[in-house]
Structure formats: structure tokens, C-alpha cells
Amino acid sequence: MTAYDSLMAFQRETEALGQIAGRLGWDQETMMPRGAAHQRGEEMAALQSVLHARRTDARIGDWLTTIDRAALDPVATAQLREITRSFQRNTKVPTKLAAEIARVTSKSQGEWAEARSNEDFKAFVPTLERVVALRQEEGQALADSGDPYDALLQDYEPGTTAAELDEMFGALRPRLTALRSAILEKPAPKAVDGAFDEAAQLALSQQLALDFGYDMNTGRIDKAVHPFSSGSGQDVRITTRTNIADPFNCFYSTIHEVGHAAYEQGVSGAYALTPIGQGASMGVHESQSRIYENQLGRSRAFTGYLFGKMRDAFGDFGIDDEDSFYAAVNRIHAGYIRTEADEVQYNLHVLLRFDLERQLIAGDLQVADLEDAWNSRFEADFGYAVDKPSNGCLQDVHWSVGLFGYFATYTLGNVYAGCLYESLRDAVPSLDADLAQGNTSNATAWLRDNLQQHGGLRTPRDTIAHATGASPSEGPLLAYLDAKFGALYQR
Ligand code: ZN
């Protein structure tokens, strides 16, 4: 056996164990008996320590130095790129620091939840200070002499830098604030009205998942508090939720998660249980969920199809025609919460977090001053004041569990989706006619052929560039938003 074969055989087992850890997490959110939480914590911790030992196994270092890289094909080269990145990431952080981060962040999520329900940011300050300090230390360990925040970004979007994101996001911000204030001066379109039967919502969301090509032979849909997608290869599961008054919550979170799941199901079987046998990055992953959800699912064409399905399922819900339904689906309204935000305002929420978290990690902003910084930035971008911490700096769980560098990938995903949609429209001239029939097969086949099947073969930017023929930029997303919402709000 060559060194490469030995390394890949070892890696395959690590990937299989990683899938098992993911499935334990899925189970915890869907099926696990409530009384099993403590034991599950021990089960997960035991599996994580096995995984950590494998990811830092000294044999990986030996194999990596033995392998003759000049003789490798592009697939093997990509496997080594991913293995090297993971090995360096896991061995650079001292074991003691990694254990302390795990210990503090497993407790801090509960403290965040309590502070949030008490509307008391000050109570959470000491915990968050500890989390920030630990991630600063980790960033320094990972960065060598480079920038700690850039080092943290690599966990979510390998190859990107804060400077690069800053330029892209800096171009988005003024255009998005101008668009949102122009829209909010116009009268708001009518919203749907009524109580929407839960079982009927779940039945229609299952139909939508099938319409978007979700393979139920290697997937399943369950209910959970937060929608998510989990697993790779032959076992890719999603969850959804229902809200009696707001059926779009269920339908569009299902389509979003189907976008994530279809990406995993679409990766070439030849890469199964290898480091490149999954999405290229968080940002590229989010491009798939967002293009399914927004550019396709919230299009005029597809909402025409959905309107008919909803009339069949729910009867009269206060909207009389397809154009009004399209306006209701894409309604822009003032709000505080990122996860409830529409296509125009969503990225403004992300940009705010990106700027604040960079300052936190750089030490330019103290945790004690975070609430004030958040509130003044929010008022500058949204035009009104935050009323309470649960609508402000305590709304998202991410920072409490140490996820610094993660938020940017949400907007990167939207930017990438904008680029992909521009190419997709050129490649599939029948797109609108297809979507009006609820037929996404030409669109999803284009995404599978040009992006999904390649998994992590290329770096994130190259994955998008390979599919679109151009380096990713914010231009196509802005053009799409201006055209769509300009037309919607002039009527
Ligand atoms: Zn997502």
C-alpha cells in the first residue's frame, strides 16, 4: 500500500466516525428522549475525543511528508489540500486550550439563553468576555504571525480574508440601505391571512422538497425547533417547523434546507467518505440553500405554481391572484431579527455582525461596550432603535458558542447565489416556464452538473468561478435585488 492509500484508508474511517457524530446531533434535535440529555453529552464527548485523536494522529504528518505530490492527480491533490488544512488546524491549537474552549462553550450557550430570556446583556458580559478571550488565543495560535480573525475565518470559508470580505461588504452596504429605505416609503403589500393547518403545511412542504429534487431514498424530513440539514453522501436528513399563522416559514425553510441537502446528495459518489465528499465551504453551501429558496423559490414564476398549491390545500387565505401572492411572499417589513429578515435586509444584519466581531477579536471593541455598539450601528443601518437585547445583540446564539468568522458566510452565500443565478438564467432559457409548472429539474441539474457534483474538489472561490466562468463579485446579487424589488414596489 502506498503512503497515499494508507492515509486515505485512515481518513475514510475518520469521515465515517464524523458522520456518526453528526447523526447523534441530528437525533438530539429530533428523536432523543428528553431525559437522555446528560448521557448524550457523554456519548458525544467520547466520540469527539476519538475524532480529535484521529485528526491529530502523528501518522498523518508522516504520510503527508512521505507522499510524492508531483505524481498525484487533481482529485488526490485536493484530498491532500483538505487533509493538510485539517491536520494543521488541529495540531496548532494546544490540547489544553481546545479542551478549555469546549468546556466554556458547552456551558455558555445556556447562560446566553438565560440572559436573553431575562433581557439582561450585562449578566452575560463575563461569559462572553471569556469566550472572546479564548477565541483570540486560538486565533493567535492558528495565525502564526498573521491576523487572528483571518485564521478563524478559515474554519468556515478557507482561502478568504477579512480585507477581501470588507471590500465586498463595503460595496453592498450603501446599496442595500438605499434600497430598503426606498421600499419602506411605499405602501406594504397585503400579507396572507388565516390559520394554516399544520398537517397540510407539512404535506405541502414535503411536496416542495420533492419538487426541488430532494431524494427521499437517501433523506428524510422531521420536525425540529430550528430547521437544519445534516449528513453527507447516502444519508442526508433535513428538519422543518410549522407556524399556524405563517406557512411561508415552513415552506421556505424546507426549500432552504433542501438546497443544503441536495448539494450533499449531488456530490459525486466517487468522493463518498473522503475529505472532499461534501460541500466546499459554508459560503458555497449557503449559495445552494439561498438560490433554491430565493432566486428560484421566491421567483414570480415559482410562486405562481405555489399559489395554486396553497389554494388547493388551504382554500381562501385573503390573496386573490398570483401577482398579489408574489408580492405577499416577498413582502419587506421593518424588523429586528436576522433569521426573519427578507432578501433586501438580511445582508445588513450580517454586515453588522461581521464588523462588530472583527473589532471584538482585534480587541478594538470591549464586550462591555458591545450592546451600545450594536444598537447605534443598527439604528444607522435600519433607521430605528433596538427596543430590547433579545431583538439586538442577544438574538443569535453564534457568539455565545464561540462562532466568530461564521456570519460572513451567510452573505457570501447570497453573493455566490447571485453569481450562479446569472449564469443559470443564461444556461436554462426555459427557466421561468419550467418554474411556473413547479418544475425545477433543469435548474437543479445545471447546479448539480456545474457545482454540486464536485464537492470540495476546488477551493470555494474556484468552485464558483468554475460554475460561472468568472470570479465571484457582489454585482450580480445587487442587480438581481434592484430589478426584483424595484419592479415589485413600483406597482
Ligand atoms: Zn443555510
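What counts as what
- The residue count restarts for each chain, going from 1 along the sequence in the order it is written.
- Residues qualify for local features only when their pLDDT is at least 70, as the model is predicted, and side-chain atom pairs are given and counted only at 80 or more; totals for whole chains, interfaces and linings, by contrast, use all residues.
- As a convention, hydrogens and water are excluded, and side-chain values are obtained from all of the structure's heavy atoms.
- Categorising residues by exposure relies on relative accessible area from a 1.4 Å probe, with only protein chains included: less than 20% of the type maximum marks a residue as buried, more than 50% marks it as exposed, and the intermediate range marks it as partly exposed.
- Numbering of helices and strands runs from the N terminus; a helix is a DSSP stretch of H or I covering at least four residues, while a strand is a stretch of E covering at least two.
- Any two strands with at least two DSSP bridges between them are considered paired.
- Either an automatic procedure or a domain database provided the assignment from which the domain bounds are taken.
- Contacts were defined at the residue level, with two residues in contact if any of their heavy atoms lie within 4.5 Å.
- Once two parts are joined, some of their accessible surface, as seen by a 1.4 Å probe, is lost; buried area is that loss totalled over both.
- Here, a salt bridge means any Lys or Arg side-chain nitrogen found within 4 Å of an Asp or Glu carboxyl oxygen.
- Pairs of N or O atoms within 3.5 Å make up the polar contacts considered here, provided that, within protein, one atom can donate a hydrogen while the other can accept it, and that residues adjacent in sequence are counted only when both atoms are side-chain atoms.
- Note on residue categories: nonpolar means Ala, Val, Leu, Ile, Met, Phe, Trp, Tyr, Cys or Pro, charged means Asp, Glu, Lys or Arg, and polar means any other residue, Gly included.

Another aspect to go through is the pairing of strand β3 (residues 237-240). Residues of β3 alternate between two faces, with Arg 237 and Thr 239 on one and Ile 238 and Thr 240 on the opposite face, all of them buried. Where strand β1 (residues 221-223) lies against β3, three bridges are found, and the strand directions are parallel. Bridging from a neighbouring strand, Asp 222 pairs with Thr 239 of β3. Bridge count between strand β2 (residues 229-230) and β3: two bridges; the pairing is antiparallel. When the bridges of β3 are listed, Ser 230 appears paired with Arg 237. Hairpin connection, β2 to β3: the antiparallel pair is bridged by six residues, and Gly 231 has positive phi, about 100 degrees.

Take the domain arrangement of the protein chain next. Considered domain by domain, the protein chain is made up of domain 1 (3-153) and domain 2 (162-488). The interface of domain 1 with domain 2 comprises 41 residues on the first partner and 48 residues on the second. Taken together, the two surfaces of domain 1 and domain 2 that pack against each other cover about 3900 Å², and 65% of this comes from carbon and sulfur. Together, Trp 26, Phe 121 and Tyr 149 form the three largest contributors to the area buried by domain 1 at its contact with domain 2, with a combined 20%. Between Arg 23 and Asp 235 there is a salt bridge, and its shortest N-O distance comes to 3.2 Å. Linking domain 1 with domain 2 are 17 residue pairs in polar contact (both at pLDDT 80 or more), by the criterion used here. Every element with two or more residues in the side of domain 1 that touches domain 2 is listed here: α1 (3-30), α4 (74-92), α5 (95-117), α6 (121-143) and α7 (148-153). When the residues that make up the side of domain 1 that touches domain 2 are grouped by side-chain class, the tally is 20 nonpolar, nine polar and 12 charged.

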